[in-house]
Amino acid sequence: MSLRKARAIAYGVVALLGVAAVLYTRPLPPRPPAAEVLSQTPRDNPWRVRYDTVKSGESLASVLARGGVSEVIVREALRAAKTLDPRRIPIGMPVLVRSAPQDTTPTEVILELAVDRILHLRRGDSGWVALEEQLPWKTDTVVIVGTIKSNLYEAMDAAAGDVLPPFARRQLVIKLAEDIFEYRVDMSRDLQVGDEFRVVTQRQVGPRGITRMDTVLGATMKLSGTSIEAVRFRSAKVGGLYFDQFGKPMRSGFLRNPVQFSRISSGFGMRRHPILGTMRKHQGTDYAASSGTPIRAIGDGVVVRANYNNGYGNVVEIRHANGYVSRYGHMRGFATGIHQGARVTREQRIGYVGSTGLSTAPHLHFEVIVGGVQKNPRAVLANVSADPIPTSERASFAEARARTMTLLGQPMLASAESASVRQAGTRQQ
């Protein structure tokens, strides 16, 4: 075979292989969409659509300018948005600009202010107009039943994993532990393996399937065979939102903690004084918190002292109706209106955490005085009950309790060792 003939055969084989590759090779995947695309809906009126997001440190005007919108047009469009504060634009907010193919001025700017709030800025013959669109949420009622195997968080994850996202499950645990059952159950000490909980809560499902927890209507905790009920009921006579099966409020007559977002740095009892160095009884509870953290009155009462007092530094004392006195020391300063003789209400801000007086670091020194003697705040506050539901509202409470227990008392759909979830109705909000 001559060299020329061999080359011809080789070239022919290569050509055949090339044809086969074209015929049988999968097509390349489509290119990712660019920031600017051409919309064909409707086909006879195409639009140029540009999608962008607000990045850290930039304004809405700079986002629009990046898409080719002039500064004059930006000012005109934003002037129409009366409810929009350009200084409060969240990072990552989607921005969509629609324009006609041959028009350099946008026809519409769409801002996704929140998952359920869309602001449309549209250009018409008389200028720009704004239209805010509120997307609907659906609210339904969900009953969650779970069994404790290690702690409440894990039990809630097992019980509600299919109906609530992680953030909402955490919210629900905090609601149960720190709001509803705070004064009845110590979730870190009282729970045992095999204890059960039931909770009926409203769930909201919004655009794109985003789910959040809403109002808790009621709950029960079964601890070592003993059940504690918590029914949501709004009384016109007494405070509190949740009451037990006997109509007694779930909360104490006092707040348990006068400072939120803190930790106990020193408890009640004997200790070595951090400044004096001697062993002496610590007559209160110390809450470590950042300087300036708000301090709340633990209950309704009258201010009997608000001044500087030696080792306590800036101190406030409040006399309560049951004869108790609460004392708050080392404060940086007092809240507006806090002075001797002023009346305060439960949870009212009375001052701010500081380090005045005999103090080594910012914290609140908190005391409860009963009959002139300092008592352990953690023990005494938990035993002070608020007013129960009055006789005039007992019938209404009984009806509310019956409705809640009907939901919570439905037969379980799974074994006692697992968790079950049931959905009980949906409505459009």
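Residues numbered from 1 in each chain as written. Predicted model: local features only at pLDDT ≥ 70, side-chain atom pairs only at ≥ 80, totals over all residues. Heavy atoms only, no water.

1. Focus: empty space enclosed by the protein
Consideration 1: Counted by the stated rule, this structure contains 1 cavity of 30 Å³ or more.
Consideration 2: Considered as a void within the structure, the largest cavity measures approximately 60 Å³ in volume.
Consideration 3: Lining the largest cavity, in full, are Arg50, Tyr51, Asp52, Val63, Leu64, Gly67, Val69, Val95 and Val97.
Consideration 4: Of all the elements in the fold, those that place two or more residues in the lining of the largest cavity are β2 (47–53), α2 (60–66) and β3 (94–99).
Consideration 5: Of all the elements, β2 adds the most residues to the lining of the largest cavity, at 3 residues.
Consideration 6: Along the lines of polarity and charge, the residues of the lining of the largest cavity split into 6 nonpolar, 1 polar and 2 charged. (1 Å grid on protein atoms, 1.4 Å probe; cavity = no way out; pocket = protein on both sides within 12 Å on 5 of 7 lines; lining within 4 Å. Points joined across faces, edges and corners; volume = space filled by probe spheres on them. Helix = DSSP H or I, 4+ residues; strand = E, 2+ residues; numbered from the N terminus. Nonpolar A, V, L, I, M, F, W, Y, C, P; charged D, E, K, R; others polar.)

2. Description of the pattern of salt bridges
Consideration 1: All chains considered together, the criterion is met by 17 salt bridges.
Consideration 2: The salt bridge involving Lys55 is made with Asp52; its shortest N-O contact spans 3.6 Å.
Consideration 3: Here Lys55 falls in the partly exposed class, since its relative accessible area comes to 43%.
Consideration 4: For Asp52, a relative accessible area of 10% gives the class buried.
Consideration 5: With its nearest N and O atoms 2.8 Å apart, the salt bridge here joins Glu132 to Arg117. Here Glu132, found in strand β6 (residues 127–134), pairs with Arg117, found in strand β5 (residues 117–124); they are 15 residues apart in sequence, far enough to count as distant.
Consideration 6: Judged by relative accessible area, Glu132 falls into the partly exposed class, the value being 34%.
Consideration 7: The class of Arg117 is partly exposed, set by a relative accessible area of 28%.
Consideration 8: If you follow the salt bridges from partner to partner, you end up with Asp52, Lys55, Glu58 and Arg66 in one network. (Salt bridge = Lys/Arg side-chain N within 4 Å of Asp/Glu carboxyl O. Buried < 20%, exposed > 50% of the residue type's maximum accessible area, 1.4 Å probe, protein only.)

3. Details of unusual backbone geometry
Note on backbone geometry: most residues besides glycine have negative phi, and most peptide bonds are trans.
Consideration 1: At Asn310, a position not held by glycine, the phi torsion is positive, near 50 degrees.
Consideration 2: Considering the arrangement of structural elements, one finds Asn310 in the loop between β17 (301–308) and β18 (314–319).
Consideration 3: The exposure class of Asn310 is exposed, given its relative accessible area of 61%.
Consideration 4: Backbone geometry places His330, a non-glycine residue, at a positive phi of 65 degrees.
Consideration 5: Looking at the element boundaries, His330 is found in strand β19 (residues 325–334).

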